[in-house]
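If you want the building blocks of each chain, they are given just below.
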2 protein chains.
Amino acid sequence: MKFLIIGGDAAGMSAASRAKRRRPDLEVIVLEQTMDVSYSACGMPYNLADPVRQMDDLVVRPAHVFREKQDIDLRTGHRAEQIDRNSKKVKGAKNDGREFELSYDKLLIATGASPIKPPIEGIESPGVMCLKLLEDGRRIKSFIKENGVSRVVVIGMGYIALEMSEALRARDIEVSMVKPRPVLLPWMHPDLSAMVKEELERHGVSLYPGHNIQKIESSDRTLRVVCDDLVLEGQMVLVAVGVKPNSELAQEAGLFLGPSRAIAVDRQMRTSDPDIYAAGDCADAFHVVTGERTWVPLALRANRAGWAVADNVLGRSVELDGIAGTAVFKVFDLQVARTGLNMKEADEAGFDPAQVVIKSRSRAHAHPGSSPILVHMVSDRKSGRLLGVQMVGKEGVAHRINAAAVALHAKMTVADFVQCDLAYAPPFSPVWDPLLTAANQLIKQM
Amino acid sequence: MKFLIIGGDAAGMSAASRAKRRRPDLEVIVLEQTMDVSYSACGMPYNLADPVRQMDDLVVRPAHVFREKQDIDLRTGHRAEQIDRNSKKVKGAKNDGREFELSYDKLLIATGASPIKPPIEGIESPGVMCLKLLEDGRRIKSFIKENGVSRVVVIGMGYIALEMSEALRARDIEVSMVKPRPVLLPWMHPDLSAMVKEELERHGVSLYPGHNIQKIESSDRTLRVVCDDLVLEGQMVLVAVGVKPNSELAQEAGLFLGPSRAIAVDRQMRTSDPDIYAAGDCADAFHVVTGERTWVPLALRANRAGWAVADNVLGRSVELDGIAGTAVFKVFDLQVARTGLNMKEADEAGFDPAQVVIKSRSRAHAHPGSSPILVHMVSDRKSGRLLGVQMVGKEGVAHRINAAAVALHAKMTVADFVQCDLAYAPPFSPVWDPLLTAANQLIKQM
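Residues numbered from 1 in each chain as written. Chains lettered and ligands numbered in written order. Predicted model: local features only at pLDDT ≥ 70, side-chain atom pairs only at ≥ 80, totals over all residues. Heavy atoms only, no water.

1. Re the packing of helix 1 (residues 10-22) of chain B against helix 8 (residues 299-313) of chain B
Residue and element names in this part refer to chain B.
For step 1, the next point in the chain: Viewed as axis vectors pointing N to C, helix 1 and helix 8 meet at an angle of 35°, and their least axial separation amounts to 7 Å. The interaxial crossing formed by helix 1 with helix 8 has right-handed handedness. Between helix 1 and helix 8, the residues in contact are A10, A11, S14, A15, R18, A19 and R22 and A302, N303, G306, W307, A310 and D311, respectively.
For step 2, the next point in the chain: Taken together, the residues that form the contact of helix 1 with helix 8 break down as seven nonpolar, three polar and three charged. (Axes fitted to C-alpha atoms, helices over the stretch in contact; angles between N-to-C directions. Helix = DSSP H or I, 4+ residues; strand = E, 2+ residues; numbered from the N terminus. Left-handed = near helix turned anticlockwise from the far one by under 90°. Contact = heavy atoms within 4.5 Å. Nonpolar A, V, L, I, M, F, W, Y, C, P; charged D, E, K, R; others polar.)

In C-alpha cells, the structure reads:
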C-alpha cells in the first residue's frame, strides 16, 4: 500500500513516523514544498528573542533522519498542485520547476495554514514580514541583524503578534502594535484583557487598536504604516493578523470544507473522500463542548490527528473526540490561558450562559511572592454544564487551565467541578484553588 | 436553633461563617481549646523559614472579627471533654479550670488531628518539638531564635518533615533526618522519590532512613537522638512522623470510627448520630477512585466539609463526592504532587493495575530553561480507568496534577484522558503534555 502525505510539518510527519513505526513495509511518501520538516514553529518568537540562538535549533528532527533512520520517502522542495481523485494521483512541481506525478492508495492532506495578508497597499514591500514557516523565522532574524532594526510596527494583536512583540522588546527594539478593530483580544473578558494591556504597556509596547490601515509606504529603509489618523514608522513591519487554512488543493479536488474554509473531516480524520484524510492546521475538528465543527489550528491537535490518520490508514479505526479550544500564551510576565467557550460563543451555540469573573491569588494567604489571578468562567444555566474558562496571571495559569479542559471533555457540570479535589500547598495556591473559587461564585449566578 | 461547633480551625470556622452568613439569626457557638482560630497551618514551615516574619501573619481572621463582624459566639480557651448524646449537651473546661456545659440542636465535631508522638524515651525533653498548632509554630520560632539553633534533628520524612527541613536549611541550620523505615516516601514510585532524595542531599540535608530510634538524650543544651548504630545531635529535635485524628471525644460518645480511627461520616458529613456532624482532619471521607472510606487530612477537604455541614444543618441537603487524595508539596526547588492511587493501593482496592513512569520536560523542544518532569501513572487493566498519577519536577507539576485529579473525579479511562485538549506553548510544556505522554505510554502497557 502506498501512503502519500502532502505536507511535512507536525501532522504530516507525525502520520508518516507513526505509520512507518507500526508497519515498516508500508510505502510512505511525504511531499514538502519547503526544505524544512519537523520544527517547533511555536518556538520561533522565543528563538527570535535571543540573537545568539540559531533558528535551526528549532528543528526537532532533520529531513535526513526521517529518510535514513525511518525509511520515509521524504521529498522536500516538492509542491503538490493537483489531486486527481479518479485516478488517485497527485501532480505537482519541484523547486527546479520540473513536474512530478505520484499515485496513492491513501492520501493525507497536511498542508497547514498560511498567514493572512490583508489587501494593504505596500504589503509586499521589502521589510514587511510574516511569521509562519521556519524560513520566515530565518528571514526575520537575519533582517533584524543586517539592518540593525530598532523599531518595528506589528499589524495585528493576536497571540503571535503578542509573542513577537515580547521577543522584539527582549532585544530592546521599539514596538508599536496597530489593528483596525478597537478591542485587544476581543474573545477575552474585558477584565482579563485589561491585565494583558497593562502588561504590554508596562513593557513599553505602544498599542493602537481601532486604527484603519491605509497603506505601507517605504522610503530610505524606513517603512511607514499610514492609518487614517496616525503614521507609525519602523525599519520592519510584522503582519500577524491571523492565519487561514491551506485548503485550496482540497477544495479544487471537490472535498467538503468546514468552518473558516478548513477541510472538513470526520472523527477518523477522513475527508468527504474515504481514501483522503486531512490533519493539522488545514483541517477542522469537532468541539467537545458544542459538538459542532470548529477550526482552531494548534500544534497538539495536529500531532494527535497525524497519529490518528496513521492508525486509520493501517485499519485500526481510531476516533478523536475533538478539541476544547485550549490555548495558552505568554505575554512578558503574564500567562494567558483559555479553554472552551466564551459568553458570545456559548450564546451562539444555543446555550443559556452565565458567567463570573473572580480575582484570586497565586499563593496562599500571607505566602510571599503571591500575585493576582483572574478567572473568567462560563456555564450553561439549563444543563448546569461548565462551558469555558479564561485565566490571566503571573504564575499558575498555564497548567491550571488543563483541569478545566479535562472537565470540558468529561462534560462536567459546575456543581461537579466544584467538588474536585485539587492540589493545595501554600507556595502554589490558596486553599480554594482559583478555579474552585470561580466555580463557587458561578453557582450563585446560575 | 443552636449550632454548636467543637474546634475553631478550618472546618469549624468555615461551618460557623457559612451558617451565619446564610442564616444570621442562627445561634452559632464555637468552642476552641487554644486561643487561635482561622490560621494557615500549612504556611507555618514557610513562615519559620523567614526570621523576620511574625508567626501571627498566618492568622487569616482573628477571633474578634468572628465575634464582632459575624456575630459568632466564639469561645477560645474552651476545651470540650464530653458529649452527652441523650441530653444533647457538651461538657468541658475552660483554660482557668472552670467547667462549662452547653446544649445543642446540631453539633459539629471539628477537632482536627494531632501529631503522633512515638513512645521514645526522652521525647518530652525541652527542645523536642512538634508542629501542628500555631502555638507550636510560635514556640519553635522563638526557640530557634533564643537558643541560636544551628543543628536540628528531624524525626520522620513525611511532607511536613520535608517542608520543615527546607525551612531550616533556608536559615542555614544543619538538618539531619532520621526514621526507622528504610524508604523515603514509601508511597511514591522509587524513580520519583530518588529525585526528591537527590534534591534534599543537594541542599545539604543528611538522610538516615532505616534507623531505629532508641531514645533522646539531653545534656548541656544538646539533644542526642540515639539510634541502634548512629547518634545524631542538635539543639532541637523536630518530631514529624505523621498525625492522628482527634476522635476520642466522638469515640467516647459512641460514634462510629472509620479508617485510621477517623470519625466515620456519610456524604453529608453526618456521623452515626444524625444530629452530630464531623468535618476536617478528625473525619474520614469517601475516595472517588475506590468508593471506599479513607482518611487523608488536608485543608481543602476541611474547608469544603465545613461548608457542607453548614448547608446540611440549614436543611439544604448537600452531598460531597469525596476526595481523590490530591496533594502537592515543595521540596527546595522541586514540586512533588500526587492524586489517586499508587500501585499498592490500586492492588489492595481490587483493581488489576498497570503502571508507567515517563520522563518528559517542563518546556518545549529547544526552549531555554527546560527541566525534567517525571510522571508515574497507574490504571486498571480491566476497566481501562485512570487510577492515579504522581509527578516530580522543578516547574509545572503543582497545577498540572489537577488535570489528573479532575479525570479521576470524572472516572475517565486512560483512553479518554489521552484525548484531552491540554494547553501548549513552548515556555510551559512540550506539545504533548507530560501527562499525555504518560497516558500514551500507559495504554501500551494495558
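Structure's up, so let's keep going.
2. Regarding the relation of the copies chain B and chain A
For step 1, the next point in the chain: By a simple turn and slide, chain B fits onto chain A: the slide is 0.0 Å along the axis, the RMSD is 0.0 Å, and the turn is 180°. The superposition operator between the copies reduces to a two-fold rotation axis. Taking C-alpha positions as the reference, the residue of chain B nearest the rotation axis is B:A403, at 1.9 Å.
For step 2, the next point in the chain: A shared interface surface links the copies, since 100% of the contact residues of chain B are contact residues in chain A too. (Least-squares fit on C-alpha atoms with pLDDT ≥ 70 in both.)

3. Examining the packing of aromatic side chains
For step 1, the next point in the chain: According to the stated counting rule, one finds four aromatic pairs over all chains in the structure shown.
For step 2, the next point in the chain: Judged by centre distance (4.6 Å) and plane angle (25°), the rings of A:W307 and B:W432 are stacked. Here B:W432 lies in the loop between helix 11 (414-417) and helix 12 (434-445) and A:W307 lies in helix 8 (residues 299-313), a pairing that spans two chains.
For step 3, the next point in the chain: A relative accessible area of 14% places B:W432 in the buried class.
For step 4, the next point in the chain: The aromatic ring of A:F286 is capped on one face by A:R267, whose charged end is 4.3 Å from the ring centroid. (Phe/Tyr/Trp six-rings, centres within 6.5 Å; stacked < 30°, edge-to-face > 60°. Buried < 20%, exposed > 50% of the residue type's maximum accessible area, 1.4 Å probe, protein only. Lys NZ or Arg CZ within 6 Å of the ring centre and 35° of its normal.)

4. Regarding the domain arrangement of chain A
All names here are of chain A.
For step 1, the next point in the chain: The assigned domain composition of chain A is domain 1 (2-37 + 59-113 + 244-313), domain 2 (117-239) and domain 3 (335-445).
For step 2, the next point in the chain: Centre-to-centre, using C-alpha coordinates, domain 2 lies 32 Å away from domain 3.
For step 3, the next point in the chain: Contacts between the two partners involve eight residues from domain 2, matched on the other side by 13 residues from domain 3.
For step 4, the next point in the chain: At the boundary of domain 2 with domain 3, total buried surface from both sides reaches about 930 Å², with 75% on carbon and sulfur atoms.
For step 5, the next point in the chain: Three residues stand out in domain 2 for area buried against domain 3, namely W187, L192 and M195, and they jointly supply 61% of the buried area on that side. (Domains from an automatic or database assignment. Buried area = accessible area lost by both parts, 1.4 Å probe.)

5. Section: the pattern of salt bridges
All names here are of chain A.
For step 1, the next point in the chain: Counted under the stated rule, the structure contains 66 salt bridges over all chains.
For step 2, the next point in the chain: Notably, a salt bridge pairs E81 with R79, separated by 3.8 Å at the nearest N-O pair.
For step 3, the next point in the chain: The residue E174 makes a salt bridge to R151 at a minimum N-O spacing of 3.8 Å. Residue E174 is located in strand 11 (residues 174-179), and its partner R151 is located in strand 10 (residues 151-155); the two are separated by 23 residues in the primary sequence.
For step 4, the next point in the chain: Each member of the salt-bridge network shares a partner with another, and the members are R18, R22, D311 and R316. (Salt bridge = Lys/Arg side-chain N within 4 Å of Asp/Glu carboxyl O.)

6. Here's the deal with the interface of chain B and chain A
For step 1, the next point in the chain: Listed per partner, the contact involves 61 residues of chain B and 61 residues of chain A.
For step 2, the next point in the chain: Of the roughly 5,200 Å² buried at the junction of chain B and chain A (both faces included), carbon and sulfur atoms supply 65%.
For step 3, the next point in the chain: At the junction of chain B and chain A, the tally comes to zero salt bridges.
For step 4, the next point in the chain: Inspection of the chain B/chain A interface yields 30 residue pairs in polar contact (both at pLDDT 80 or more).
For step 5, the next point in the chain: Of all the secondary-structure elements, those providing two or more residues to the side of chain B that touches chain A are helix 8, strand 21 (327-331), helix 10 (401-409) and helix 12 of chain B.
For step 6, the next point in the chain: A per-element tally of the side of chain B that touches chain A places helix 10 of chain B first, with seven residues.
For step 7, the next point in the chain: Each residue belonging to the side of chain B that touches chain A can be placed in one class, and the counts come to 37 nonpolar, 15 polar and nine charged. (Polar contact = N/O pair within 3.5 Å; in protein donor to acceptor, adjacent residues only side chain to side chain.)

7. So, helix 10 (residues 401-409) of chain A
For step 1, the next point in the chain: For helix 10 of chain A, a buried count of nine out of nine residues is recorded, marking the element as mostly surrounded by other parts of the structure.
For step 2, the next point in the chain: Buried residues along helix 10 of chain A sit against strand 22 (334-340), strand 25 (386-393), helix 11 (414-417) and helix 12 (434-445) of chain A together with helix 10 and helix 11 of chain B.
For step 3, the next point in the chain: Two residues or fewer after helix 10 of chain A comes A:K411, characterised by a positive phi angle close to 55°.

8. Some words on helix 5 (residues 159-170) of chain B
Residue and element names in this part refer to chain B.
For step 1, the next point in the chain: An ideal rise of 1.5 Å per residue puts 16 Å on twelve residues; helix 5 measures up with 17 Å between its terminal C-alpha atoms.
For step 2, the next point in the chain: Among all positions of helix 5, only A161, L162, E163, M164, S165, E166, A167 and L168 are buried.
For step 3, the next point in the chain: D172 sits one or two positions beyond helix 5 and adopts a positive phi of about 65°. (Expected span 1.5 Å × (residues − 1).)

9. With respect to the side chain of A:R400
For step 1, the next point in the chain: Relative to the helices and strands, A:R400 resides in the loop between strand 25 and helix 10.
For step 2, the next point in the chain: Among the polar contacts made by the side chain of A:R400, one reaches the side chain of A:S429 at a distance of 3.4 Å.
For step 3, the next point in the chain: Not counting chain neighbours up to four residues away, the residues in contact with A:R400 comprise A:I373, A:M391, A:F428, A:S429, A:D433, A:P434, A:L435 and B:H399.

10. Thoughts on the side chain of B:Q419
For step 1, the next point in the chain: Mapping B:Q419 onto the fold places it in the loop between helix 11 and helix 12.
For step 2, the next point in the chain: Those residues within four positions of B:Q419 in sequence are excluded, and the remaining contacts are A:R304, A:E319, A:L320, A:D321, A:G322 and A:H409.

11. A few points about the sheet that holds strand 6 (residues 99-103) of chain A
All names here are of chain A.
For step 1, the next point in the chain: Reading across the sheet, the three strands line up as 4-5-6 and stay open at both edges, with antiparallel pairing between neighbours. Every interior strand has two partners, whereas the edge strands, strand 4 (78-84) and strand 6, have only one. Direction aside, the axes of adjacent strands within the sheet are offset by 25° on average.
For step 2, the next point in the chain: Note: strand 5 (residues 89-94) against strand 6, five bridges, orientation antiparallel. Looking at strand 6, one finds that G92 is bridged to F100. (Pairing = 2+ DSSP bridges.)

12. Describing the nonpolar core
For step 1, the next point in the chain: With 88 residues, the main nonpolar core has A:M377, A:F417, A:L435, B:M377 and B:F417 as its most contacted residues.
For step 2, the next point in the chain: Residue contacts for A:L435: discarding those within four places in its chain leaves A:V375, A:M377, A:V389, A:M391, A:R400, A:A403, A:A404, A:F417 and A:L422. (Core = buried A, V, L, I, M, F, W, Y, C linked by side-chain atoms within 4.5 Å.)

13. Here we look at the sheet that holds strand 2 (residues 27-32) of chain A
Residues and elements named next belong to chain A.
For step 1, the next point in the chain: Spatial ordering of the open sheet is given by 3-2-1-7-18, a layout of five strands whose pairing is parallel. Edge positions in the sheet fall to strand 3 (73-76) and strand 18 (276-278), since each of these pairs with one other strand and no more. For this sheet the average axis-to-axis angle between neighbouring strands, irrespective of direction, equals 15°.
For step 2, the next point in the chain: Of the strand pairs in this sheet, strand 1 (residues 2-6) and strand 2 are connected by five bridges, and their pairing is parallel. Within strand 2, the residue paired with I5 across the bridge is V30.
For step 3, the next point in the chain: Packed on one face of the sheet, helix 8 meets strand 1, strand 7 (106-109) and strand 18 and runs near 165° to strand 18.

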